Amino acid sequence: MKMPLRGIIPPVITPLLSDSEIDMEGLYNLIRHLVSGGVHGLFLLGTTGEATSLQYKTRENVVKRSCDLVAGKIPVMAGITDTSFESSVEMAYCYKEAGADVVVVAPPYYIPVSQPEMIKYLEDLSAKLPLPFILYNIPGYTKHHLSVETVNRARELGALGIKDSSGDMLYLYSLIEKFKNFPGFSVITGTEMFIPETIIRGGHGAVAGGANMFPRLFTDLYEASITGDFEKIKQLQQIVIKIYCTVYNLGEYNSRFITGTKCALSVMGICNGYVAHPLSNFQEEDKRKMEKYIQEIEESLMQIKS
């Protein structure tokens, strides 16, 4: 595994037939779709992967099947965030056995955690992990915003980098500035619209949910950002904006990012659109709207290629 981790790393959705049954054909189609789209790694069992809604055995099967399909072509990261410390450690060992390369650690959700408590948690957890780890900052879901000092302590404990999904560009820039002299430590944005700014500023890549659907769009945006092709960046970002305004904005609930991504993939014929409880699947009217959105986005991509 090359260091630092960089590029486009999709937060892979978990194709499901029910809350406990994986859509195996869909998972095969999705992994093949992502790898052929040129992504640089996979992040399994994150927020978009509905990890906290799945049984531990189902999560383990997702990692095992995905690693088998990837067959070492690109790095595979798997989330181990849990309210239970010991369950996170157990998942890390299971995922190592399943073939994962890196585990992803976010603050335990539900109970508010202070920065000193989070540092102690990371000190205790890192000592027990059988795999390298990367931090995941997503305060909107965990109630905890990792301070730059906490992130630095994680780096000292062996963290390979951080995925920042705070949506706070100033914080993201602070991370890039703080760790610019640590070449093995990756700063990766979880906000798709920040990809050019992240790369140009000195960051390493993005965990981009839209890459589930359009991996080549995001790998092209990443490459254009590296080369400084600002005309191409402008063209590609217009399509990313369209995804935000359509796929991510369909439906009235806050879960529409996950539900919309899964619905889009089902419309594209890649996998089942089922979402695990407590989320709800889109109804037929919204599915028809999604078909129209996907067609429009695909037409926009064809226009750029031509």
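Overview of the structure.

**A short note on the overall build of the chain**
Stage number 1. On a plain count of helices and strands, the chain comes out with twelve helices and eight strands.
Stage number 2. For 306 residues, the compact-globule estimate of 2.2 N^0.38 gives 19 Å, and the C-alpha radius of gyration of the chain, at 18 Å, lies within 12% of that figure.
Stage number 3. Once the C-alpha set of the chain is aligned to its principal axes, its extents read approximately 50 × 45 × 35 Å.
Stage number 4. Relative to its full complement of 306 residues, the chain shows a buried share of 53%.
Stage number 5. Relative to all contacts within the chain whose residues are 6 or more apart in sequence, the contacts with residues 24 or more apart total 73%.
Stage number 6. A total of about 13,500 Å² of accessible surface is found on the chain, and carbon and sulfur atoms cover 51% of it.
Stage number 7. Side-chain charges in the chain split into 29 positive and 34 negative, and the spacing between the mean points of these groups amounts to 4 Å.

**Comments concerning the sheet that holds strand 6 (residues 161-164)**
Stage number 1. Taken together, the eight strands give an open sheet; going across it, the order is 1-8-7-6-5-4-3-2, and neighbouring strands pair in parallel fashion. Only two strands of the sheet have a single partner each, and these edge strands are strand 1 (7-8) and strand 2 (42-44).
Stage number 2. Summarising the sheet, strand 2 and strand 3 (residues 76-79) pair through three bridges and their orientation is parallel. In the sheet register, Leu-42 faces strand 3, and the bridge partner there is Val-76.
Stage number 3. Sheet strands in contact with helix 7 (residues 169-178) are strand 5 (133-137), strand 6 and strand 7 (186-189), and its direction is about 170° off that of strand 6.

**As for the packing of helix 2 (residues 56-70) against helix 3 (residues 85-98)**
Relative placement of two packed helices is described by the angle separating their axes and the distance separating the axes.
Stage number 1. At a minimum axis separation of 9 Å, helix 2 and helix 3 run at an interaxial angle of 30°. Considered as vectors, helix 2 and helix 3 are oriented roughly parallel to each other. In the packing of helix 2 onto helix 3, the handedness of the crossing is right-handed. Seen from helix 2, the contacting residues are Tyr-56, Arg-59, Glu-60, Val-63, Lys-64 and Cys-67; seen from helix 3, they are Ser-87, Met-91, Cys-94, Tyr-95 and Ala-98.
Stage number 2. Class assignment for the residues of the contact of helix 2 with helix 3 results in seven nonpolar, one polar and three charged.

**Focus on unusual backbone geometry**
Stage number 1. Pro-4 follows Met-3 through a cis peptide bond whose omega is -5°.
Stage number 2. Residues other than glycine seldom take positive phi values, yet Tyr-110 does so here, at roughly 90°.
Stage number 3. With respect to the element layout, Tyr-110 can be found in the loop between strand 4 (102-105) and helix 4 (115-126).
Stage number 4. Residue classification places Tyr-110 among the exposed positions, given a relative accessible area of 64%.
Stage number 5. Positive phi outside glycine occurs at Lys-143, with the angle close to 70°.

**Focus on the environment of Phe-282**
Stage number 1. With respect to the helices and strands, the residue Phe-282 is situated in the loop between helix 11 (256-267) and helix 12 (284-305).
Stage number 2. Phe-282 sits 49 residues away from Ile-233 along the chain, and the two C-alpha atoms are 32 Å apart.
Stage number 3. The residues touching Phe-282, leaving out its near neighbours within four places in the chain, are Leu-250, Gly-251, Thr-259, Gly-260, Cys-263, Lys-287 and Met-290.

**Thoughts on the pairing of strand 3**
Stage number 1. Burial along strand 3 is two-sided: the face carrying Val-76 and Ala-78 and the face carrying Met-77 and Gly-79 are both buried.
Stage number 2. Each parallel crossover has a hand, and the one from strand 2 via helix 2 to strand 3 is right-handed.
Stage number 3. Of the strand pairs in this sheet, strand 3 and strand 4 are connected by three bridges, and their pairing is parallel. What sits directly across from Gly-79, in strand 4, is Val-104.
Stage number 4. Where the polypeptide runs from strand 3 across helix 3 and back to strand 4, its parallel neighbour, the crossover connection is right-handed.

**Section: the packing of aromatic side chains**
Stage number 1. Counted according to the given criterion, the structure contains six aromatic pairs.
Stage number 2. Taken together, a centroid distance of 4.5 Å and an interplanar angle of 40° make the contact between Phe-179 and Phe-185 tilted.
Stage number 3. For Phe-185, a relative accessible area of 2% translates into the label buried.
Stage number 4. Pairing Tyr-248 with Phe-257 gives two aromatic rings, centres 4.5 Å apart and planes at 50°, and the pair type is tilted.
Stage number 5. Here a set of aromatic residues connected by ring pairs shows up, and it is made of Phe-179, Phe-182 and Phe-185.
Stage number 6. Sitting above the plane of the Phe-182 ring, Arg-155 keeps its charged end 3.7 Å from the centroid.
Stage number 7. For the cation-ring pair, Arg-201 lies above Tyr-173, with the distance from its terminal atom to the ring centre recorded as 4.1 Å.

**What about the environment of Gly-140?**
Stage number 1. Along the chain, Gly-140 falls in helix 5 (residues 139-142).
Stage number 2. Considering only alpha carbons, one finds Gly-140 and Gly-167, 27 residues apart in sequence, at a separation of 9.5 Å.

Cut-offs used in this document
- Residues numbered from 1 in each chain as written.
- Predicted model: local features only at pLDDT ≥ 70, side-chain atom pairs only at ≥ 80, totals over all residues.
- Heavy atoms only, no water.
- Helix = DSSP H or I, 4+ residues; strand = E, 2+ residues; numbered from the N terminus.
- Rg over C-alpha atoms; globule rule 2.2 N^0.38 Å.
- Buried < 20%, exposed > 50% of the residue type's maximum accessible area, 1.4 Å probe, protein only.
- Contact = heavy atoms within 4.5 Å.
- Areas by Shrake-Rupley, 256 points an atom, 1.4 Å probe, with all protein chains shown as cover.
- Lys, Arg positive; Asp, Glu negative; His and termini not counted.
- Charge placed at Lys NZ, Arg CZ, Asp CG, Glu CD.
- Pairing = 2+ DSSP bridges.
- Axes fitted to C-alpha atoms, helices over the stretch in contact; angles between N-to-C directions.
- Parallel < 35°, antiparallel > 145°, perpendicular 65-115°, else oblique.
- Left-handed = near helix turned anticlockwise from the far one by under 90°.
- Nonpolar A, V, L, I, M, F, W, Y, C, P; charged D, E, K, R; others polar.
- Right-handed = clockwise from strand over helix to strand, strands pointing away.
- Phe/Tyr/Trp six-rings, centres within 6.5 Å; stacked < 30°, edge-to-face > 60°.
- Lys NZ or Arg CZ within 6 Å of the ring centre and 35° of its normal.

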